[in-house]
Amino acid sequence: MRELMVRDAIREALDEEMARDNTVFQMGEDIGVIGGNFKCTVGLRDKYGDLRVKDTPISEQGFVGMGVGAALTGLRPVVELMFADFMMVCGDQLFNQMAKITYMSGGQCNVPMVVRLPLGGGRSSAAQHSQSIHALSLIHIWAAHIPGVKVVVPSTAGECKGLLKTAIRDNDPVMFFEHKMLYTTKFNDVPEVEEDVCIPFGRARIVAEGADITVVTNSMMTIKAEKAVRQLQKEGISAELIDLRTIVPLDTETIIRSVKKTGKLLIVDEGHLSFGITGEIASRIMPDVFYDLDAPIQRMGTADVPLPFSPALEFPLIPDEKKIAAKIREMV
């Protein structure tokens, strides 16, 4: 395994898939000349040219729609929105067009398209650039509730690379959410370049095994929860940590199996608590674990207010390792 920053692992995945398949191309604001707002596409325009790494105008509805059209003609577009918040601007193209065309055509058309979306708070970018809308009621209504769109939430550099390669090769549209606070974080879990490793969708990752409580997380919350779990091990508390990897498809089997063993479940997500993925998971697994639970399922998420610009106001709203550790102690 190699050590890489998340943004470099993403760039490697894009580079390898573009080299492997000449139908793969990219579109997005500032992804070409300057290499992306978060530097995930540096050097790819020079290597593959302007037709395959295309800078777009500030018109999400326009270039996402172009991606849908390109996918319908046999290409494999990877479309980057500069912030996940901007999916609101192109909601019609994403959820009335991209998600539905396969079904409306009776399976005659596929939309092999990836939409990359940086999400999450922690950079003091204020309320219109900090949302974790992979799991809000919005996404449940538009994406998870509408068959045809897969939702991916990676947590490490190796996970980003392996899941992105799978997403690009998938024949269905995939929404690929990357946490902004992870882009410059280094992880030593990236396979060697010669290894063509694709991580399958719908299979959660057990980050740490334990017996006292199950903790289910995704994206940045996995990193924070892992720190909490490692600290609690020193205190004699054994927590099993599960990283979802994908929300659609959702690996409920791994969660159910773990909860049957531990008897307790904490679900942590950076999305707003109300109507989010935490409630959905609790509802889905309850029929299978009800008689195995030793305590009610608990949930943690971002408070139900727009994220403030001020760091002093923003940070206390988002779950962190101290709050996660405190909640686990309380439950155990």
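Novice: Could you clarify how one ought to interpret the pattern of salt bridges in this entry?
Specialist: Close approach of charged atoms allows side chains of opposite charge to pair. The final tally for this structure, using the stated rule, is 28 salt bridges. A salt bridge links Glu17 to Lys165; its shortest N-O distance comes to 2.8 Å. In this pair, Glu17 sits in helix α1 (residues 6-20) while Lys165 sits in helix α7 (residues 157-169), placing the two residues 148 residues apart along the sequence. For the pair formed by Glu17 and Lys165, the shared burial category is buried. Between Arg205 and Glu159 there is a salt bridge, with its nearest N and O atoms 3.7 Å apart. On the criterion of sequence distance, the pair formed by Arg205 in strand β9 (residues 205-208) and Glu159 in helix α7 is long-range, its members being 46 residues apart. An identical accessibility class is assigned to Arg205 and Glu159; each is buried.

Novice: Looking at this structure, how should I read empty space enclosed by the protein?
Specialist: Counting across every chain of the model gives 1 cavity of 30 Å³ or more. Lining the largest cavity, in full, are Gly158, Lys161, Gly162, Lys165, Pro191, Glu192, Glu195 and Val197. In the lining of the largest cavity, the residues fall into 2 nonpolar, 2 polar and 4 charged.

Novice: Before we go on, may I ask you to explain the sheet that holds strand β3 (residues 53-55) in this structure?
Specialist: By definition, the strands of a sheet pair up through backbone hydrogen bonds, in either a parallel or an antiparallel sense. Sheet architecture is open: 7 strands sit in the order β3-β2-β4-β5-β7-β6-β12, paired in mixed fashion. The outermost strands of the open sheet, each flanked by one partner alone, are β3 and β12 (246-248). Each strand of the sheet is rotated relative to its neighbour by a mean of 20°, with strand direction disregarded. Bridge count between strand β2 (residues 24-28) and strand β4 (residues 76-80): 5 bridges; the pairing is parallel. Counterpart to Gln26 in the pairing with β4 is Val78. Running at roughly 135° to β2, α1 makes contact with β2, β3, β4, β5 (114-119) and β7 (174-179) of the sheet. Most of the contacts of α7 go to β7, to which it runs at about 160°, and overall it touches β2, β4, β5, β6 (150-152) and β7.

Novice: Which parts of the structure should I look at to understand the confidence of the model for the protein?
Specialist: With 92% of its residues at a pLDDT of 70 or more, the protein shows a mean pLDDT of 91. Low pLDDT, under 50, characterises residues 122-132; the stretch is placed with 42 contacts to residues that sit more than four places away or in other chains. Between residues 134-142, whose pLDDT stays under 50, and residues either more than four places distant or in other chains, the model counts 35 contacts.

Novice: Any chance you could explain unusual backbone geometry here in plain terms?
Specialist: What is expected of a backbone is that most residues other than glycine have negative phi and most peptide bonds are trans. For the peptide bond that leads from Val248 to Pro249, omega is 0°, which places it in the cis range. In this structure, Ser219 takes a positive phi of about 50° despite not being glycine. Checked against the element boundaries, Ser219 lands in the loop between β10 (213-217) and α8 (220-234). The class of Ser219 is buried, set by a relative accessible area of 4%. One non-glycine residue with positive phi stands out, namely Arg245, at about 70°. Position of Arg245 relative to the elements: it lies in the loop between β11 (239-243) and β12.

Calculation rules
Residues numbered from 1 in each chain as written. Predicted model: local features only at pLDDT ≥ 70, side-chain atom pairs only at ≥ 80, totals over all residues. Heavy atoms only, no water. Salt bridge = Lys/Arg side-chain N within 4 Å of Asp/Glu carboxyl O. Helix = DSSP H or I, 4+ residues; strand = E, 2+ residues; numbered from the N terminus. Buried < 20%, exposed > 50% of the residue type's maximum accessible area, 1.4 Å probe, protein only. 1 Å grid on protein atoms, 1.4 Å probe; cavity = no way out; pocket = protein on both sides within 12 Å on 5 of 7 lines; lining within 4 Å. Points joined across faces, edges and corners; volume = space filled by probe spheres on them. Nonpolar A, V, L, I, M, F, W, Y, C, P; charged D, E, K, R; others polar. Pairing = 2+ DSSP bridges. Axes fitted to C-alpha atoms, helices over the stretch in contact; angles between N-to-C directions. Contact = heavy atoms within 4.5 Å. pLDDT = per-residue confidence, 0-100.

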